[in-house]
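Coordinate inspection notes
Here is what each chain is made of, one letter per residue.
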Amino acid sequence: MTLFQRSIRELHQMLVDREISSVELTEAVLGQIDAVGEKTKAYLLVTRELARRQAKDADERLRANRDVRPLTGIPIALKDVLCVQDVVSTAGSKILKGFSPPYSATVVERLEAEGAVFLGKTNCDEFAMGSSNENSGYWPVHNPWALERVPGGSSGGSAAAVASGEAIAALGSDTGGSIRQPAALTGIVGFKPTYGRVSRYGLIAFASSLDQIGPMTRDVVDNAILLQAIAGHDPRDSTSSERPVPDYLSTLRNGVKGMRLGVPKEYFVAGMEPAVEQAIRDAIRLLEQQGASIEEVSLPHSDVALPAYYIIAPAEASSNLARYDGVRYGYQAEGAKNLIEEYMLTRQQGFGAEVKRRIMLGTYALSSGYYDAYYLQAQKVRTLIIEDFKQAFEKVDVLVGATSPTVAFGLGAKTQDPVAMYLNDIITIPANLGNVCGISVPCGLADGLPIGLQLIAPGFREEVALQVAYAFETATDFRKLQSPLMRAAA
Ligand code: GLN
């Protein structure tokens, strides 16, 4: 097995035992980026020099046995929506082309403190708006399982990098499914923590009441390790929670015996591919065999989650994106005759079609006269969705369903039909609106393409989601499935 196919946990042991150095490991991963990067296009920027410097520092730390942490020397990729000081960070948008932030995101600082190695910035849908990575202002990402297919989105580059061996793990962000759905479509583990669990300071905002940063890894243990490193209160993000962060690894192996799992009947949506439904039903049966009790539950407002999301998220986006005016950041249009024209030209040329669509939808929904009919109404629906989850979690510990109704679809298959694209997130969006957490774990293949099982736990009960995910992962062999791009290197 090559180094870049291994897990964080294995590599950590090898680093600590001096079997390998972080420099060696980092070169192995950079080598895989060289070998397959042109195929996946997962990165917008590979920070080779930074990675090599950090790897050397990590090796010193390891050699001196000084403050060695679980991520010391581990090469990690960062979604391009995360600010890294003096490293170009564009959120996948042309409007931020060449923009280097003057400060780093809190999660980035935390990983630096751990001694992690940064491989670069991964491709994503522009400002994280999309489900296929085709809205990137630069280029689409190709799924390492089938290059003519999408990797999902918006954290498609992070997902493809982890699935192809171009990173050991990655961070993504999830506003309506952007960690879980690409994780499902590329056969990896992706976790959207509860809103407030991870600081959003330095995350380029899409929809501020929904955005969360989370870990994308090859297995559940790695996911717990990475979450542990980034979770916790941050005085620089007033929405980050002060609740103490539990030790995620200590409860991981507690199993599902005696746990109550709920299957929301609304999550078997119309249009779900039969092979996906079959894999989910098989996974539920397996969890039952492991000792969990299964009961059907109802989340009655699931059908209005998608329309409410497509009011709330664009409304917040329209406000957040007002700051890109050509004066302060990144791209500036040339030839404007006055300031107003400069704003207009910069935004016309700098934003892509989907971002413009959302700004218009959001501005309309917030405008006086329409505010009550759209934005206020959507907020009321959000309250009902929060109530749905509360009621369900009185009866069960965790909710189980699919992550995505389909496996990875072809590049270009849905680009002409925004509504078909939006429907991808029909079962991931409720968790964002409902202030709960959700993880996607691999649960099989259909025609050689990965399927994801979604486990949803109550707010701030990440450890419970991880516990069920781990029980499922260890009861199956799905974790061993590797994308053809990764396998080829074995
Ligand atoms: N696909 C959804 C959207 O386009 C969710 C994106 C996300 O979670 N960032 O808005």
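Residues numbered from 1 in each chain as written. Predicted model: local features only at pLDDT ≥ 70, side-chain atom pairs only at ≥ 80, totals over all residues. Heavy atoms only, no water.

The subject of this paragraph is the site of the ligand. Surveying the vicinity of the ligand reveals 15 residues, the closest of which are Thr175, Gly176, Ser178, Tyr309 and Asp425. Here a nitrogen atom of the ligand and a side-chain polar atom of Ser131 are 2.8 Å apart. Within the side chain of Arg358, an N or O atom sits 2.7 Å from an oxygen atom of the ligand. If the ligand stood free it would expose 290 Å²; the protein chains cover 100% of that surface. Given that more than half its atoms are within 2 Å of the pocket grid, the ligand belongs to the largest cavity. Here the residues of the shell around the ligand sort into five nonpolar, seven polar and three charged. (Near = heavy atom within 4 Å. Polar contact = N/O pair within 3.5 Å; in protein donor to acceptor, adjacent residues only side chain to side chain. Areas by Shrake-Rupley, 256 points an atom, 1.4 Å probe, with all protein chains shown as cover. 1 Å grid on protein atoms, 1.4 Å probe; cavity = no way out; pocket = protein on both sides within 12 Å on 5 of 7 lines; lining within 4 Å. Sits in = over half its atoms within 2 Å of the grid points. Nonpolar A, V, L, I, M, F, W, Y, C, P; charged D, E, K, R; others polar.)

Let's shift gears to helix α4 (residues 106-114). Turning to α4, its buried residues are Thr106, Val107, Val108, Leu111 and Glu114. The first or second residue beyond α4 is Gly115, which carries a positive phi of 85°. (Buried < 20%, exposed > 50% of the residue type's maximum accessible area, 1.4 Å probe, protein only. Helix = DSSP H or I, 4+ residues; strand = E, 2+ residues; numbered from the N terminus.)

A few words on the pairing of strand β4 (residues 169-174). The side chains of a regular strand alternate, residue by residue, between the two faces of the sheet. Taking burial as the measure, the six residues of β4 include six buried ones, the bulk of the element. Burial along β4 is two-sided: the face carrying Ala169, Leu171 and Ser173 and the face carrying Ala170, Gly172 and Asp174 are both buried. In this sheet, β4 lies alongside strand β2 (residues 75-79) in parallel orientation, the contact comprising three bridges. For Ala77, the partnering residue across the bridge sits in β4 and is Ala170. (Pairing = 2+ DSSP bridges.)

All right, on to the sheet that holds strand β11 (residues 449-457) then. Pairing within the open sheet is mixed, and its 11 strands lie in the order β1-β3-β2-β4-β6-β5-β10-β11-β9-β7-β8. Only two strands of the sheet have a single neighbouring strand rather than two, namely β1 (43-46) and β8 (293-297). Taken pair by pair, the neighbouring strands of this sheet meet at an average axis angle of 30°, ignoring direction. In this structure, strand β10 (residues 437-446) lies alongside β11, joined through eight bridges in antiparallel fashion. Note that in β11 the partner of Val441 across the bridge is Leu453. The strands that helix α2 (residues 22-40) touches are β1, β2 and β3 (117-122); relative to β3, the one it contacts most, it runs at about 20°. (Axes fitted to C-alpha atoms, helices over the stretch in contact; angles between N-to-C directions. Contact = heavy atoms within 4.5 Å.)

The next point concerns the packing of aromatic side chains. A full pass over the atoms with the stated rule returns 15 aromatic pairs. Each ring, one from Tyr364 and one from Tyr374, has its centre 5.8 Å from the other, and the planes form 50°; the classification is tilted. Here Tyr364 is found in helix α11 (residues 353-366), whereas its partner Tyr374 is found in helix α12 (residues 372-395), with 10 residues between them in sequence. Here the aromatic rings of Tyr371 and Tyr375 are separated by 5.3 Å at their centres, their planes lie at 45°, and the arrangement is tilted. Residue classification places Tyr371 among the partly exposed residues on the basis of a relative accessible area of 32%. Using a relative accessible area of 14% as the deciding quantity, one classes Tyr375 as buried. Counting every residue linked through ring pairs, the aromatic cluster contains Phe99, Phe127, Tyr324, Tyr329 and Phe351. For Lys41, the ring lying beneath its charged end belongs to Trp139, and the centroid distance is 4.9 Å. Cation over ring: Lys414 sits above Phe409, and NZ or CZ is 4.2 Å from the ring centre. (Phe/Tyr/Trp six-rings, centres within 6.5 Å; stacked < 30°, edge-to-face > 60°. Lys NZ or Arg CZ within 6 Å of the ring centre and 35° of its normal.)

So, on to the pattern of salt bridges. Counting across every chain of the model gives 23 salt bridges. The shortest N-O distance in the salt bridge between Glu38 and Lys41 comes to 3.6 Å. Measuring nitrogen to oxygen at the nearest pair gives 2.9 Å for the salt bridge that ties Arg281 to Glu277. Taken together, the residues span about one helical turn, with Arg281 and Glu277 both in helix α8 (residues 274-289) at a distance of four residues. (Salt bridge = Lys/Arg side-chain N within 4 Å of Asp/Glu carboxyl O.)

So, about the environment of Arg66. Of note, Arg66 is situated in the loop between α3 (48-64) and β2. Exposure remark for Arg66: the relative accessible area of 46% places this residue in the partly exposed category. Apart from the residues lying within four places of it in its own chain, the contact partners of Arg66 are Glu60 and Arg61.

Once that is clear, we can look at the nonpolar core. Leu71, Leu111, Phe127 and Leu453 are the most contacted members of the largest nonpolar core, which totals 150 residues. In terms of residue count, helix α9 (residues 305-320) provides more of this core than any other element does, 10 residues in total. Contact partners of Phe127, with chain neighbours within four places excluded, come to Ala91, Ser93, Ile95, Leu96, Ile204, Ala205, Phe206, Leu321, Tyr324, Phe351 and Val355. (Core = buried A, V, L, I, M, F, W, Y, C linked by side-chain atoms within 4.5 Å.)

For the bond running from Gly153 to Ser154, omega is 10°, close enough to zero to count as cis. Structurally, the position occupied by Ser154 is in the loop between β3 and α5 (156-164). With a phi close to 65°, Asp86 is a non-glycine residue in the positive phi region. Looking at the secondary structure, you find Asp86 in the loop between β2 and α4. The phi dihedral of Asn133 falls on the positive side, at around 70°, and the residue is not glycine. Looking at where Asn133 falls in the secondary structure, it is placed in the loop between β3 and α5.

Here we come to the environment of Val355. Examined against the element boundaries, Val355 turns out to sit in helix α11. Put simply, Val355 and Ala333 are 22 residues apart on the chain and 18 Å apart in space, counted from C-alpha to C-alpha. When residues no more than four places from it in sequence are discounted, the contact partners of Val355 are Glu126, Phe127, Met129 and Leu321.

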